[in-house]
Amino acid sequence: ASLSEWRADCQEVLKCLERLAGDALERGCDRDTPGAMDVYEQANLGVERVAGMFGQCSEVELEVWAPSSCDAVEWRMAVLEARKAGQQEALLELVRLVEDL
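To start, this report covers the structure provided alongside it.

Criteria and cut-off values
Residues numbered from 1 in each chain as written. Predicted model: local features only at pLDDT ≥ 70, side-chain atom pairs only at ≥ 80, totals over all residues. Heavy atoms only, no water. Helix = DSSP H or I, 4+ residues; strand = E, 2+ residues; numbered from the N terminus. Buried < 20%, exposed > 50% of the residue type's maximum accessible area, 1.4 Å probe, protein only. Core = buried A, V, L, I, M, F, W, Y, C linked by side-chain atoms within 4.5 Å. Contact = heavy atoms within 4.5 Å. Expected span 1.5 Å × (residues − 1). Arc of directions from axis to C-beta. Patch = residues over 30% accessible without salt bridge, like charges linked within 9 Å, V, L, I, M, F, W, Y side chains within 5 Å. Areas by Shrake-Rupley, 256 points an atom, 1.4 Å probe, with all protein chains shown as cover. Salt bridge = Lys/Arg side-chain N within 4 Å of Asp/Glu carboxyl O. Lys, Arg positive; Asp, Glu negative; His and termini not counted. Charge placed at Lys NZ, Arg CZ, Asp CG, Glu CD.

This part takes up the environment of W75. Among the structural elements, W75 can be located in helix α3 (residues 72–84). Note on W75: relative accessible area 6%, which makes it buried. Once the C-alpha coordinates of W75 and E63 are considered, the two residues, twelve residues apart in sequence, prove to be 8.2 Å apart.

Now for the nonpolar core. Within the largest apolar cluster, six residues are counted, these being C10, L14, L17, V47, V50 and F54. If you list the elements that add at least two residues to this core, you get α1 (3–30) and α2 (36–64). Sequence-distant contacts of V47, defined by excluding residues within four places in its chain, comprise L14, L17 and E18. By size, the runner-up hydrophobic cluster in this structure holds five residues, among which are W75, V79, L91 and V95.

Along its 13 residues, α3 runs 18 Å from first to last C-alpha, staying within 8% of the 18 Å computed at 1.5 Å per residue. Of all the positions in α3, only W75, V79 and A82 are classed as buried. For α3, the buried positions fall inside an angular range of 65 degrees around the axis, keeping them on one side. Exposed residues lying more than 90 degrees from the buried face of α3 are V73, M77 and K84.

Here the focus is a negative patch on the surface. Side chains of D23, E26, D30 and D32 sit close together on the surface and give a patch of like negative charge. Position of E26 relative to the elements: it lies in helix α1.

Tracing the backbone shows A24 in helix α1. For the pair formed by A24 and M37, sequence separation is 13 residues and the distance between their alpha carbons is 6.3 Å.

So, about unusual backbone geometry. Not every positive phi belongs to a glycine, and R31 is a case in point at roughly 55 degrees. Tracing the backbone through its elements, the reader meets R31 in the loop between α1 and α2. Note on R31: relative accessible area 76%, which makes it exposed.

In structure tokens, the structure reads:
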């Protein structure tokens, strides 16, 4: 599977986990379903794990999408700086835009 397919699959899993967490929280607050709060906690752990995988996916995409005109060391430094600033997605989007030209 390609990176974009993997990302789409992760987004779908994330949506399902978020819906599950919301439903479980509602049922837990209504106190009509035993164990609902346990399901809520586990679903939130799943959300955190998938979010972490998204971060890893973005890093891999940035490495794979390095512009051919860019020196590997310079590119790695740009990726590290983008990560520090929380701008990985912005850098990736910029690379995609430039590639479309």
